[in-house]
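# Coordinates in review
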Amino acid sequence: MIRTDEFARRRARLIDEAGEHAMVVLAAAPQTLRNGDSHYPYRQDSDFLYLTGFHEPEAVLVLLPGREQGERLLFCRERNPERERWDGPRLGLDGAREQLGMDDAFPIEDLDDILPALMEGCSRIYHMVGKDPVLDQRIIGWRNRLRAEHKGQKGPGELVSLEHLLHEQRLIKSRDEIRCMQKAARISVAAMTRAMRACKPGMNEAEITAELLHEFQRHGCPPAYLPIVAGGDNALILHYIENNRVLPENGLLLIDAGCEYQGYAADISRTFPVSGRFSGPQRELYELVLAAQNAAIDQVRPGRPFEAYHEAAVRTLTEGMKDLGLLNGDIDQLIEDQSYRRFYMHKTGHWLGLDVHDVGDYRIDDQSRVLEKNMVVTVEPGLYIGHDDDIPEQWRGIGIRIEDDIRVTSDAPDNLTEAVPRKPEDIEAVMAG
Ligand code: GLY
Ligand code: MN
Ligand code: MN
């Protein structure tokens, strides 16, 4: 649970960094119509959620560093008993002041009337430039109106991207954020283990998907992204989400799934034999991906460049592929030429947080950024072997990924999702019941 005072600290830090004569404008996610009167499930914008803890649409946060009458303003929906009977309770203006720690709150309908006057004395507006073209236009409109009213003398000259300030803050997780991520991880671990136990020859990918969703849902957690439940060759499609084919009796099943808790994501992949027993070639390739993952996880330490764990995975995979006859040549040259990309075409991981592919720069001044305590990353090497004629028969049509969520500590890597079996013998034991 993220407490009100943590949201206040986050806003305070942003106010401090934005500095005097600045205004910060940040909008809630829009509600999206599916068809008719039906909406897609609402998910708050991660940046807005990070700064407010507010889950309603139709809201705009305005921060005004140094403003004497109040620095933190929220425009949101007013209470409305008639609408609330249909759509559920709204926090309303008093709620925004009392429960969210805002200095003042105004009806969202008044945004156009109030905003230009608030810009007076501001020289910079921080906002998510380019994220919502309509809001971009409104901000420019408010500024122009203020300028017109004051014969061009006033109004902020600079429109600055808020992205950098806010996303740097989001990159390092607080104690309570880590707790949320641990909880998302625990539920996702239970879901993945449940799917592993349920899997039997003759089942459909859809039935396995239902096991995952059941476990997420019974904890009140939505999936953090569309689950991938890919039997056999479907694992060769990296973003396979159809999840509707019968599982191949002697093939592997690749699952990539995680839920979110209080907005914080888990992201786990496991690959296991539908029959409950790895074949010889499946096990050999699996052991190689597991070795690559272990080598990579060992690099997730403070002071190591972000790219180091990808490089460790690539080296282990390349050496292994050469041993298995999938690649030929000098190891350093194969890495230099990126020959491994034929079978390993994605990166080994990403930041994890409120977004599954979380925010934050990966490179600074054209150098790989250095890992710091309480960053959280995924480590997810894989191998995807197609059916091409020049590939030895036994490896064809095998797709494997193993993915865990790793927190950088001041010491050893902390694997939040390690409770899902990873070693072949442990997977076989769980599947045997
Ligand atoms: N589930 C998305 C990813 O692994 O990056
Ligand atoms: Mn994943
Ligand atoms: Mn991932």
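Anyway, here's the lowdown on the structure attached to this text.

What counts as what
- Residues numbered from 1 in each chain as written.
- Chains lettered and ligands numbered in written order.
- Predicted model: local features only at pLDDT ≥ 70, side-chain atom pairs only at ≥ 80, totals over all residues.
- Heavy atoms only, no water.
- Helix = DSSP H or I, 4+ residues; strand = E, 2+ residues; numbered from the N terminus.
- Contact = heavy atoms within 4.5 Å.
- Areas by Shrake-Rupley, 256 points an atom, 1.4 Å probe, with all protein chains shown as cover.
- Pairing = 2+ DSSP bridges.
- Axes fitted to C-alpha atoms, helices over the stretch in contact; angles between N-to-C directions.
- Donors = N, O, S within 2.8 Å, 3.2 Å for Na, K, Ca; no water.
- Tetrahedral: all angles 85-135°; square planar, octahedral: opposite > 155°, others 65-115°.
- Phe/Tyr/Trp six-rings, centres within 6.5 Å; stacked < 30°, edge-to-face > 60°.
- Buried < 20%, exposed > 50% of the residue type's maximum accessible area, 1.4 Å probe, protein only.
- Near = heavy atom within 4 Å.
- Polar contact = N/O pair within 3.5 Å; in protein donor to acceptor, adjacent residues only side chain to side chain.
- Nonpolar A, V, L, I, M, F, W, Y, C, P; charged D, E, K, R; others polar.

## Overview of the overall build of the chain
Across its full length, the chain carries 13 helices and 20 strands. Principal-axis analysis of the C-alpha atoms places the extent of the chain at approximately 75 × 50 × 40 Å. A separation threshold of at least 6 residues defines the contact pool for the chain, and within that pool the share at least 24 residues apart is 70%. Total accessible area on the chain stands at roughly 19,900 Å², and carbon and sulfur atoms take up 47% of it.

## Comments concerning the sheet that holds strand β13 (residues 268-273)
Spatial ordering of the open sheet is given by β9-β10-β13, a layout of three strands whose pairing is antiparallel. Since the sheet does not close on itself, it has two edges, and those belong to β9 (228-231) and β13, each with one partner. When strand polarity is set aside, the average angle formed by the axes of neighbouring strands in this sheet is 10°. Direction of pairing for β9 relative to strand β10 (residues 252-257): antiparallel, over a ladder of four bridges. Considered in β10, the bridge of Ala-230 is made with Leu-254. Those strands touched by helix α8 (residues 175-198) are β10 and β13, and its axis lies near 15° from that of β13.

## So, the coordination of the manganese ion (ligand 3)
The protein atoms donating to the manganese ion (ligand 3) are Asp-267 (OD), His-350 (NE2), Glu-380 (OE) and Glu-403 (OE), with metal-donor distances spanning 2.1 to 2.2 Å. One way to put it: the six donor atoms around the manganese ion (ligand 3) meet at angles of 51 to 155°, and that makes the site irregular. Here the donor residues of the manganese ion (ligand 3) are spaced in sequence according to D-x82-H-x29-E-x22-E. Here the manganese ion (ligand 3) and the manganese ion (ligand 2) are spaced 3.3 Å apart, with Asp-267 acting as a shared donor. Within this pair, whereas Asp-267 is found in the loop between β12 (264-265) and β13, its partner Glu-380 is found in the loop between β16 (376-379) and β17 (382-385), the two being separated by 113 residues in sequence.

## A short note on the packing of aromatic side chains
Within the structure shown, the criterion is met by six aromatic pairs. On the basis of an interplanar angle of 75° and a centroid distance of 5.3 Å, the ring pair of Phe-306 and Tyr-309 is categorised as edge-to-face. Take Tyr-309: its relative accessible area is 1%, and that puts it in the buried class. Ring centres of Trp-351 and Tyr-362 lie 4.9 Å apart, and the angle between their planes is 0°; on these two criteria the pair is classed as stacked. With Trp-351 in the loop between α12 (331-336) and β14 (363-364) and Tyr-362 in the loop between α12 and β14, the pair connects residues that are 11 residues apart, well separated along the chain.

## Describing the site of ligand 1
All residues in the neighbourhood of ligand 1 are listed as Tyr-225, Asp-256, Asp-267, His-350, His-357, Glu-380 and Glu-403. Within the contact set of ligand 1, an oxygen atom lies 2.6 Å away from a side-chain nitrogen or oxygen of His-357. With respect to ligand 1, the side chain of Glu-380 contributes an N or O atom lying 3.0 Å from an oxygen atom. Of the residues that constitute the shell around ligand 1, the class distribution is one nonpolar, two polar and four charged.

Purely geometric numbers; function is a separate question.
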